[in-house]
Amino acid sequence: LKIIFRLTTPGLTLDDRLVSILPEEVQVLLKEHNVSGTASIVTSEFIKEGTNPLQFRLILEPLKINHKWDRLPYPVILTKGRVEIEGLTIRFIDLGGIKNDAEFSINGWVKALKNKPPIVNISIAAKNLTIDEEVKNMFFTPLPEGVFSPNKEGLQKIWDMFKPGGVVDLEYTFQSAQQPR
C-alpha cells in the first residue's frame, strides 16, 4: 500500500502540530531556534509506502516567521523567500527578513543529526545594519561545537582595532568544520 498526501495552504500557523509530523532530529532543531509565526505551504508531500519510513518534502514561504536562536541572540522577522524541508535537510533560499531598519538575506542549508550538532552551511547578508551592543554580542556568542567560529580573542582584537559603528552592510557565513562528501 502506498499513500501520497499533498497539501497547499495560503497561511498556516507554525506550531507544535506542524512540527510534530517532521523527523525528531528536525523537530529538535526547529524548537532550538524558537521558530513561530505564519507561513504559506507551497508544496507538501507525505509518502508512506508499506513499512518504509515516512518520506516528505515541505516547502514554506514565510508570511511572518519569528526566529530567535539563543546561541545567536539577534531575533529577526522573516517575511520572504523559501524554506524547504526534505528528510533531515532544511534549505534556505533567498530567505529575507527585517529587524529595525536592517534587511537580511539567508541562503544555505542545515542537516539535522541525531544527538550531534547539525551540519551547517549558511550565509547571512545584512544591509543597513546598525552596529550596537546587540550586534556586537552576536559576534562574540560561541557557536555550537563543530560550527566554524572565529577565534574570540582574535575577533576582539580586530573589533577593537577598527571600532566598527554606525550603519554597515555585512556578510557572515557559518560553516561546519566537517562538511558532507
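Before reading on, note that the structure itself is shown above.
For the structure given in this document, a descriptive report is provided here. Values in this document were obtained by computation on a predicted structure and should not be read as measured data. (Residues numbered from 1 in each chain as written. Predicted model: local features only at pLDDT ≥ 70, side-chain atom pairs only at ≥ 80, totals over all residues. Heavy atoms only, no water.)

Another point: a nonpolar patch on the surface. On the surface, a nonpolar cluster with roughly 370 Å² of combined accessible area is contributed by Ile 158, Met 161 and Phe 162. With respect to the secondary-structure elements, Ile 158 resides in helix α4 (residues 152-162). (Patch = residues over 30% accessible without salt bridge, like charges linked within 9 Å, V, L, I, M, F, W, Y side chains within 5 Å. Areas by Shrake-Rupley, 256 points an atom, 1.4 Å probe, with all protein chains shown as cover. Salt bridge = Lys/Arg side-chain N within 4 Å of Asp/Glu carboxyl O. Helix = DSSP H or I, 4+ residues; strand = E, 2+ residues; numbered from the N terminus.)

The next point concerns the layout of surface pockets. Here the largest pocket is characterised by a volume of approximately 900 Å³. Elements with a contribution of two residues or more to the lining of the largest pocket: α1 (16-19), α2 (24-32), β4 (55-69), β5 (72-86), β6 (89-99), β7 (102-111), β8 (119-130) and β9 (167-175). Grouping the amino acids of the lining of the largest pocket by side-chain chemistry returns 37 nonpolar, three polar and four charged. (1 Å grid on protein atoms, 1.4 Å probe; cavity = no way out; pocket = protein on both sides within 12 Å on 5 of 7 lines; lining within 4 Å. Points joined across faces, edges and corners; volume = space filled by probe spheres on them. Nonpolar A, V, L, I, M, F, W, Y, C, P; charged D, E, K, R; others polar.)

Here we take up the nonpolar core. One finds Leu 58, Ile 85, Ile 90, Phe 92 and Phe 104 to be the most contacted residues of the largest nonpolar core, which totals 38 residues. The contacts of Leu 58, once residues within four sequence positions are left out, are Leu 18, Leu 22, Ile 41, Thr 43, Ser 44, Val 83, Glu 84 and Ile 85. (Core = buried A, V, L, I, M, F, W, Y, C linked by side-chain atoms within 4.5 Å. Buried < 20%, exposed > 50% of the residue type's maximum accessible area, 1.4 Å probe, protein only. Contact = heavy atoms within 4.5 Å.)

Next up on the list: the pairing of strand β3 (residues 36-49). Pairing analysis gives five bridges linking strand β1 (residues 2-6) to β3, with the strands arranged antiparallel. When the bridges of β3 are listed, Lys 2 appears paired with Glu 49. Bridging between strand β2 (residues 9-14) and β3 involves four bridges; their strand directions are antiparallel. Bridging from a neighbouring strand, Thr 9 pairs with Ile 41 of β3. By the bridge criterion, eleven bridges tie β3 to β4 in an arrangement that is antiparallel. Across the sheet, the residue bridging to Ile 41 is Leu 60, located in β4. The hairpin formed by β3 and β4 contains five residues between the paired strands, and Gly 50 there has a positive phi angle of roughly 55 degrees. (Pairing = 2+ DSSP bridges.)

In short, the description is geometric, and any link to function would need to be established separately.
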